[in-house]
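Residue-level listing of the chains:
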Amino acid sequence: MTKAHGWRYWLVLLVGLCFSHMGLAQSQGDESEDERWFTADSLNAGLGEVPEEVKRLSPREAIRSFLTLTEEGDYAAAAHLLNLADIDSGEQPGRGAELAEQLAEVLRRGEWLNASNLSGRQDAAIEDPSGQNPMTGQPRRNIELASLQINGDAYDVRLGRYRIPDEDPVWLVMPESVSAIPELYEEYGPSVIDQYIPERFKTSFGMLKVWEWLAIPLFLLTVSGVGVVAYYAVRLV
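Scope of this entry: the structure provided in the associated data block. All chains use their own residue numbering, which begins from 1 and follows the written sequence. Residue-level local features of this predicted model are given only where pLDDT is at least 70; pairs of side-chain atoms are given and counted only at 80 or more, and the full residue set underlies all totals for whole chains, interfaces and linings. Hydrogens and waters are ignored; side-chain quantities use all the structure's heavy atoms.

Here we come to the overall build of the chain. Helical segments are the DSSP runs of H or I of at least four residues, strand segments are the runs of E of at least two, and each set is numbered from the N terminus. The number of helices and strands found in the chain is six helices and six strands. Starting at the N terminus and walking to the C terminus, you meet the elements of the chain as α-β-α-α-α-β-β-β-α-β-β-α. Looking at the chain residue by residue over its 237 residues, the buried ones come to 32%. Considering only contacts in the chain between residues 6 or more positions apart, those separated by 24 or more positions represent 60%. On the chain, roughly 15,200 Å² of surface is accessible, and the fraction owed to carbon and sulfur atoms is 56%. Residue burial is assigned from relative accessible area. The probe radius is 1.4 Å, only protein chains are included, and a residue is buried under 20% of its type maximum, exposed over 50%, and partly exposed in between. Two residues form a contact once any of their heavy atoms are found within 4.5 Å. Accessible surface is estimated by sampling points in the Shrake-Rupley manner with a 1.4 Å probe; for residues, cover comes only from the protein chains shown.

Here's what the structure looks like:
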């Protein structure tokens, strides 16, 4: 091999190594990014612009916003906290509001949520001062919100972190969980008696609605009355 060919060989080899390292670094960067969020071209395009009162940057912020909006009856705004990717954009406004209302009922009756227990970090990384959790400090792109049972089968309600180009990532109820809302609502939704309750008594107060709080003492009085009647009936026999 001549000297001219020799230095050309080493130059080509050097350039090839540089490009291979650049490709590896790019690949690692993409993998790292995928671990932080799910990418999408658009989110809930059929719902229009996201209202200012909808907060979605962290799991805690998203659920606190969802609970507040649904308690106020603003289900159209609450729909922006669901990932409606599996629903046609033309149906998203009406269907999204309906699903938001149903999910609020499911969470209230099936598993009461305290938003303060959710991560307040945008990346939802686990914080463990003791350092015993091996996942400490690692970002998460989906977390379990609730796990409910229907006929012995588990249904998870999960939040996912999504990012579209040129916008900050946001936390939404994942499409798989959204698709399970109707079944969960059928199991955990309002009873038949709700249809006959005046609207002013259907307002939520803590874990229960106003009429449910009022019904508790009436139920206890009824049970006590039945017990007294049964007691005296037995003594008379």
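Glancing now at helix H5 (residues 175-188). The span expected for a helix works out to 1.5 Å for each residue beyond the first. Between its terminal C-alpha atoms H5 stretches 20 Å, which fits the 20 Å expected from 14 residues at 1.5 Å a residue. Considering bend angle alone, the principal kink of H5 is centred on Ile 181 and spans about 40°; proline Pro 182 follows within four residues of it. Restricting attention to buried positions, one finds in H5 the residues Pro 175, Ser 177, Val 178, Ala 180, Ile 181, Leu 184 and Tyr 188. Bend is the name given here to the angle between axes fitted to two runs of seven residues, the run ending at a residue and the run starting at it.

With that settled, the discussion passes to the nonpolar core. Grouped together as the largest cluster of nonpolar side chains are 39 residues, with contacts concentrated most on Ile 63, Phe 66, Leu 82, Leu 103, Leu 145 and Leu 184. Elements supplying a minimum of two residues to this core: helix H2 (59-71), helix H3 (75-78), helix H4 (92-110), strand S2 (142-150), strand S3 (153-163), strand S4 (170-173) and H5. Take this core: its biggest share by element is six residues, from H4. For Leu 184, the contacting residues outside a window of four places in its chain are Val 106, Leu 148, Ile 150, Tyr 155, Val 157 and Gly 189. Throughout this description, the term nonpolar core refers to a set of buried Ala, Val, Leu, Ile, Met, Phe, Trp, Tyr and Cys residues connected via side-chain atoms within 4.5 Å. With six residues, the next largest nonpolar core counts Tyr 162, Ile 164, Leu 172 and Met 174 among its residues.

So, on to unusual backbone geometry. A positive phi angle, near 60°, is found at Ala 124, a position not held by glycine. Position of Ala 124 relative to the elements: it lies in the loop between H4 and S2. Of note in this structure, Asn 151 is not a glycine but carries a positive phi near 55°.

Every other side chain in a regular strand lies on the same face of the sheet, so the side chains alternate between the two faces. Burial along S4 is two-sided: Val 170 and Leu 172 facing one way and Trp 171 and Val 173 facing the other are all buried. The pairing criterion is simple: DSSP has to find at least two bridges between the two strands. In terms of strand pairing, S3 meets S4 through four bridges, oriented antiparallel. Opposite Arg 161, over in S4, you have Trp 171 as the bridge partner. Adjacent in sequence and paired antiparallel, S3 and S4 are bridged by six residues, among which Asp 166 carries a positive phi angle near 70°.

Further remarks concern the pattern of salt bridges. Counted as salt bridges are all cases of a side-chain nitrogen of Lys or Arg within 4 Å of a carboxyl oxygen of Asp or Glu. Overall, the coordinates contain six salt bridges when judged by the stated rule. Two residues, Glu 105 and Arg 108, come together in a salt bridge whose shortest N-O distance is 3.0 Å. Of the two residues, Glu 105 and Arg 108 both sit in helix H4, three residues apart, roughly one turn of that helix. A salt bridge links Glu 105 to Arg 109, with the nearest nitrogen and oxygen atoms 3.0 Å apart.

Let us now look at the pairing of S3. Relative to S3, strand S1 (residues 38-39) is paired through two bridges, and the arrangement is parallel. The residue of S3 that forms the bridge with Thr 39 is Arg 163. Where S2 meets S3, eight bridges bridge the pair, whose relative direction is antiparallel. Within S3, the residue paired with Leu 148 across the bridge is Tyr 155. The loop that links S2 with its antiparallel partner S3 comprises two residues; one of these, Asn 151, has a positive phi angle of about 55°.

A fitted line through C-alpha atoms represents every axis, and for helices the fit uses only the stretch in contact; the resulting angles, taken between N-to-C directions, go from 0 to 180 degrees. The geometry of H4 relative to H5 is characterised by a closest axis approach of 9 Å and an angle of 50° between their N-to-C directions. What the angle tells us is that H4 and H5 run oblique. Handedness of the H4/H5 crossing: left-handed. Residues Arg 95, Leu 99, Gln 102, Leu 103, Glu 105, Val 106, Arg 109 and Gly 110 of H4 lie in contact with H5, whose contacting residues are Val 178, Ile 181, Pro 182, Leu 184, Tyr 185 and Tyr 188. Residue composition of the contact of H4 with H5, grouped by class: nine nonpolar, two polar and three charged. Roughly parallel covers angles under 35 degrees, roughly antiparallel covers those over 145, roughly perpendicular covers 65 to 115, and oblique covers all other angles. Handedness of each helix crossing follows the sense of rotation of the near helix against the far helix: counterclockwise by less than a right angle gives left-handed, clockwise gives right-handed. Charged means Asp, Glu, Lys or Arg here, nonpolar means Ala, Val, Leu, Ile, Met, Phe, Trp, Tyr, Cys or Pro, and polar covers whatever is left, Gly included.

It is worth spelling out the environment of Pro 139 at this point. Checked against the element boundaries, Pro 139 lands in the loop between H4 and S2. Taking C-alpha positions, Pro 139 is 9.3 Å from Arg 121, a pair spaced 18 residues apart along the chain. In contact with Pro 139, not counting residues within four places along its chain, are Glu 35, Arg 36, Asp 123 and Ala 125.

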